[in-house]
There are 2 protein chains.
Amino acid sequence: MKELPIHIQLHSKSDKTLYEQIYEYIRNEIRAGSLLQNEKLPSARYLADYLQVSRTTVDMAYGQLVAEGYLEAKPKRGYYVSAAADHPYEMEMSSPGGEAQYMPEEEQAAFAYDFSPNAIDMRFFPYATWKKITKNILVDAKSSMFALGEPQGDIELRTTICRYLHGSRGVNCEPEQIIIGAGNDFLLLLLEKILGRHIHVAMENPTYVRAYKIFRSFAYPVTLVSMDENGICVDALRKADAQVAYVMPSHQYPTGVAIPIGRRIELLKWAAEEEGRYLIEEDYDSEFRYKGKPLPSLQASDTHGRVVYIGTFSKAIAPAIRISYMVLPYPLLEKYREECGFFSSSVSRIDQTILNEFIRDGYFERYLNKMRKQYRMKHDFLLNELKPFEKDFQISGGSAGLHILLTDTKDRSEEELATLAENNGVKVYCMGEFRLDKSEKEPEPATMILGYGGLSMEEIREGIERLKKVWL
Amino acid sequence: MKELPIHIQLHSKSDKTLYEQIYEYIRNEIRAGSLLQNEKLPSARYLADYLQVSRTTVDMAYGQLVAEGYLEAKPKRGYYVSAAADHPYEMEMSSPGGEAQYMPEEEQAAFAYDFSPNAIDMRFFPYATWKKITKNILVDAKSSMFALGEPQGDIELRTTICRYLHGSRGVNCEPEQIIIGAGNDFLLLLLEKILGRHIHVAMENPTYVRAYKIFRSFAYPVTLVSMDENGICVDALRKADAQVAYVMPSHQYPTGVAIPIGRRIELLKWAAEEEGRYLIEEDYDSEFRYKGKPLPSLQASDTHGRVVYIGTFSKAIAPAIRISYMVLPYPLLEKYREECGFFSSSVSRIDQTILNEFIRDGYFERYLNKMRKQYRMKHDFLLNELKPFEKDFQISGGSAGLHILLTDTKDRSEEELATLAENNGVKVYCMGEFRLDKSEKEPEPATMILGYGGLSMEEIREGIERLKKVWL
């Protein structure tokens, strides 16, 4: 091996952990150009020996640097400095995560480690690319760009989304079926006008609470339908006598259940049984799946035009991108045109054009691939850190999305577990918050939700370390 | 007088009119720097003599150059090249107007001269400034900028809007009373959730048709209330037994009526008479007023918390700016928090930040001042061109906004007048389109609506010339 290119002075009295010191030293060397592209780093074992630290400390530092794109791990060959293009040099982020749900700052600051299932990782967002696209669009901007666009959204963006949805989610639709709106909530407000009054809605239990509140604000009667390991129970749904079922077939929130094809066919059959029945498919984080092949959407299997497909770029790109889309089956598209065609577009043409180029020119796909790797790494890391918990908890929901579930086997309550964690500076979430039908016959076992999207591996490790002390 | 700095070669065989040739020559000289800042131009009379053209031709060219900010007219001293800062150099616009209401391109192209009351003039929009602000914001952008903001809108922007509304419209409110949303339609959708079901709405007749359709899509019963020269008749309103009245007190659309203070007090008294009564004040184009002092908002006179004030930046800045605001009185703010607090913000933080800086740093005020001058000039020009129409039409509605009304005195129908115009390539609008209560006892005299916001003075002149041929 050639001379060691790492001359780290570790300070045991520093505020920073040894892991952080190693991580920062190497990162700064790469940024400064002292470590060159494609240069090989010493093996983790060798560096640990040399620095007299544990192998885990070096592994974590290398892991973080790989996660952040500074290093590349080549199987059986070791760690190399990545090609410059991938370096997230452009900016220092003040916060590691963007919140997919708005949270006042006081609340955010209260906990050292917040395992929010809504947080996402914005460190790798290609700000430079986004800026470049924005700049180019504004340079070429004509007055038409500053004019009001079509109510449904610009046809260019609708065409791009149509192609993307078909390729990635198997969605079958034409651009004319797509409605672009400023967030899912706006689209649901339109959907109310399309579906009409007094629509009886069935939802999975537990479910996405904001959607529940929104349906209730429409004065829609809502029936919560129980789930089994294959998702919403179609028998119970049939008994509920609802017109519309709101489901998250690819990764139910918060249970993480993915509905298998058999149950999907039952669901679609239910919808086709009666005139005016529809399934609203909320496909909020289908981009991130770690086990098996990505599941196509429910809409992909729909041959009767009974599925309203709703998705958003808030999770996959950034919460600030207030652009969601809704794919309407033809009978509802007709009603949209009659009942809602006069509602102005809620997204500026400039923002639509930026997003269109971001997707069309392949940046979105690249970013998604990077984030899939990121989240998979965090996911694997978290599951590994949770090994000691397996004796007291059943761990589930880990095949997709950005959170996993810990179900207590020792008869403690969710409140008890949450309080223990909070007193130790860790925020975790209770499944009970998502169970809207509180009057159920027997209490469910305590299930805690741990989101990892917004935390770094170091934060995950520290947070789990603290949970270990109070939960095990 | 020093040597004439104008050496125009006029071509009588050119496609372009003499006016256009003079206008373009001087504009290009200024752009090229051949005519310097603060340089004096020859007097119109002198130049007309020199070029052997009519004085009107030169007047029109100078007028257009003043309108576009290339020249300044100094009273009793003549025309000077403006200081460079004001020159709209930055870009050539492909189209003179931005549409405040979406219109498919086929429709736009069908007429040589479209007197749309919704069109605005985007030629002077400070694109360069907007780009600069956008660029700076993106350079400094932290992940927080790409995060989801507060549901009501960022407090910085709400504070800025609050200050602006107080200063320019006399609106009395706190930033916490302001809800920012992606367009007026979105805000009305929220307002439905705040007001609740089965709200009986009264509207002026004629009125803004989209708002009518939106209320009807809420299944709100709507009563159309007649107007006199002081606006909505409060006796008729009282008889309608409505809970909410939707009014445009500063410049009614489309009649152009401004409600005087006496009638305003009656209206406010009506609202205060019963629990739960509200006035929705739509202040869509109050920025542009040509006669007398600007009227303060109705909200400014409200001492009982009965006015919901709604405004937008789509008209005063650009239709693409999908940012509107609603000021809620406290009882409704409380209901907003209960019923709608969970609806996510529909405007991205980036867009909010750009707009905030645009207003806060004085660019908005400057742009408004420029546009007020622009529109006033077009307004005066149009009224002047319409002088020959005074024998056949009564001309009104010209004290504010971007359109005027021509009421026929020769018993022709609106359809007849519109068809005559259209056959000659001119699109004008019929008051009848805004009268929703078609079953009225006696037919109103034909009133044609001529918007001038999106047309250049040359286009106004040509369009009116054509109308003269078919209407007089």
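Within every chain, residues take consecutive numbers counted from 1 along the sequence as written. Each chain gets a letter, beginning with A, and each ligand a number, beginning with 1, in the order they are written. Whole-chain, interface and lining totals are the exception, using all residues; otherwise, since this is a predicted model, local features are given only for residues with pLDDT of at least 70 and side-chain atom pairs are given and counted only at 80 or more. Hydrogen atoms and water are omitted, and side-chain values are computed over all heavy atoms in the structure.

Enquirer: Outline the pattern of salt bridges, supporting the account with residue identities and numerical values.
Expert: Here, a salt bridge means any side-chain nitrogen of Lys or Arg that lies within 4 Å of a carboxyl oxygen of Asp or Glu. Taken as a whole and assessed by the stated rule, the structure comprises 52 salt bridges over all chains. In this structure, the salt-bridge partner of Arg-55 of chain B is Asp-59 of chain B, at a minimum N-O distance of 3.3 Å. Linking Arg-55 of chain B with Asp-59 of chain B, this pair stays in helix H3 (residues 55-67), spanning 4 residues, or about one helical turn. Salt-bridge contacts for Glu-266 of chain B lead to Arg-263 of chain B; the nearest nitrogen and oxygen are separated by 3.9 Å. In this pair, Glu-266 of chain B and Arg-263 of chain B are both assigned in helix H10 (residues 261-273), 3 residues apart and thus about one turn of the helix distant. Taken together, the salt bridges that share partners define one network made up of Glu-192, Lys-193 and Arg-197 of chain A together with Glu-192, Lys-193 and Arg-197 of chain B. Counting from the N terminus, the helices are DSSP H or I runs at least four residues long and the strands are E runs at least two residues long.

Enquirer: Tell me what's going on with the packing of helix H5 (residues 127-140) of chain A against helix H5 (residues 127-140) of chain B, and back it up with residues and numbers.
Expert: The axes are straight lines fitted to the C-alpha atoms, using for helices just the contacting stretch, and the angles between their N-to-C directions are given from 0 to 180°. Where H5 of chain A contacts H5 of chain B, the axes come no closer than 10 Å and their chain directions differ by 180 degrees. On the basis of the axis angle, H5 of chain A is roughly antiparallel to H5 of chain B. Of the residues in H5 of chain B, those touching H5 of chain A at Lys-131, Thr-134, Lys-135, Leu-138 and Val-139 of chain A are Lys-131, Thr-134, Lys-135, Leu-138 and Val-139 of chain B. Split into classes, the residues belonging to the contact of H5 of chain A with H5 of chain B amount to 4 nonpolar, 2 polar and 4 charged. The labels follow the angle: roughly parallel below 35 degrees, roughly antiparallel above 145, roughly perpendicular from 65 to 115, and oblique for the rest. Note on definitions: a residue-residue contact is assigned when non-hydrogen atoms from the two residues lie within 4.5 Å. As a working rule, the residues Ala, Val, Leu, Ile, Met, Phe, Trp, Tyr, Cys and Pro are called nonpolar, Asp, Glu, Lys and Arg charged, and the rest polar, with Gly in that last group.

Enquirer: Lay out the sheet that holds strand S6 (residues 178-181) of chain B in plain terms, naming residues and giving numbers.
Expert: Residues and elements named next belong to chain B. Two strands are counted as paired when DSSP detects at least two bridges linking them. Overall, mixed pairing links the 7 strands, which are arranged S6-S14-S13-S12-S11-S7-S8 in an open sheet. A single partner strand is all that each edge strand has here, and the edge strands are S6 and strand S8 (222-225). Strand-to-strand twist of the sheet, defined as the mean angle between neighbouring strand axes without regard to direction, takes the value 20 degrees. Note that strand S7 (residues 201-204) and strand S11 (residues 244-247) share 3 bridges and pair parallel. Paired with Val-201 across the two strands is Val-244, which belongs to S11. Contacts from helix H6 (residues 155-169) reach S6, strand S13 (307-312) and strand S14 (324-327), with the element oriented near 110 degrees to S6.

Enquirer: Got a sec to walk through the state of the cysteines? Specific residues and values, please.
Expert: The criterion for a disulfide is a pair of cysteine sulfur atoms lying within 2.5 Å. In total, this model carries 0 disulfides over all chains according to the counting rule given. For the unlinked cysteine Cys-173 of chain A, the closest cysteine sulfur is that of Cys-162 of chain A, found at 3.7 Å.

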